[in-house]
Amino acid sequence: MTVQDSWPSREDEHQEPGPEAHRRRSLWNQKLQERQSWDALLDQMEAAFPHDTVADITATLDACFRCAVYPRNAPGAPASRWVTVGCASIIAPVFTVFRLQFEYGAERSLRQLDLEPPLSTEPGRTLSLDALHNPKSDSL
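Residues numbered from 1 in each chain as written. Predicted model: local features only at pLDDT ≥ 70, side-chain atom pairs only at ≥ 80, totals over all residues. Heavy atoms only, no water.

(A) Expanded view of the packing of aromatic side chains. Under the criterion given, the structure shown has two aromatic pairs. Arranged with centres 5.1 Å apart and planes meeting at 70°, the rings of W28 and F65 form a pair that is edge-to-face. Taken as a pair, W28 in helix 2 (residues 19-33) and F65 in strand 2 (residues 64-70) lie far apart in primary sequence, 37 residues in all. Given a relative accessible area of 0%, F65 falls into the buried group. Here a set of aromatic residues connected by ring pairs shows up, and it is made of W28, W38 and F65. (Phe/Tyr/Trp six-rings, centres within 6.5 Å; stacked < 30°, edge-to-face > 60°. Helix = DSSP H or I, 4+ residues; strand = E, 2+ residues; numbered from the N terminus. Buried < 20%, exposed > 50% of the residue type's maximum accessible area, 1.4 Å probe, protein only.)

Here you go:
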């Protein structure tokens, strides 16, 4: 399956969903039934970072499972913090890790996006290594 099979080249919100949307929905239904390896990765991340918040932020609008590791809220925590996100495609055996920096004040706002693999920092290194060494991760 390729991305073109799952997304139309153009989408008109006033039009009925095309065959690509139906194929993507069908693939999601299948992958949601087979999510044991994703759940195992979430468990590994929770064990590796017991003091942080590990969240499954998967949304079926996208074609990937998503995991986020939020640093714990310590007293005197900085006004901005990095959140590490790992994404596993349901279309191809691809796993991506990136970071988002949020600024916290009256509201949370996105300050910066870092698309370079954060392999020199935790939890990016752990997410990347778990995905690379987990033979089941490519079945997502």
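After presenting the structure, the write-up continues.
(B) Expanded view of the environment of W28. Classification of W28 as buried rests on a relative accessible area of 3%. Through-space distance from the C-alpha of W28 to that of T60 is 7.0 Å; in sequence the pair is 32 residues apart. Ignoring any residue separated from it by four or fewer positions in sequence, one finds W28 in contact with T58, A59, T60, D62, A63, C64, F65 and I90. (Contact = heavy atoms within 4.5 Å.)

(C) View of the pattern of salt bridges. Throughout the structure, instances matching the rule amount to three salt bridges. Note that R35 and D56 form a salt bridge whose closest N and O atoms lie 2.7 Å from each other. With R35 in the loop between helix 2 and helix 3 (36-48) and D56 in strand 1 (residues 53-56), this pair connects stretches of sequence that are 21 residues apart. Residue R66 pairs with D62 through a salt bridge whose shortest N-O separation is 3.3 Å. (Salt bridge = Lys/Arg side-chain N within 4 Å of Asp/Glu carboxyl O.)

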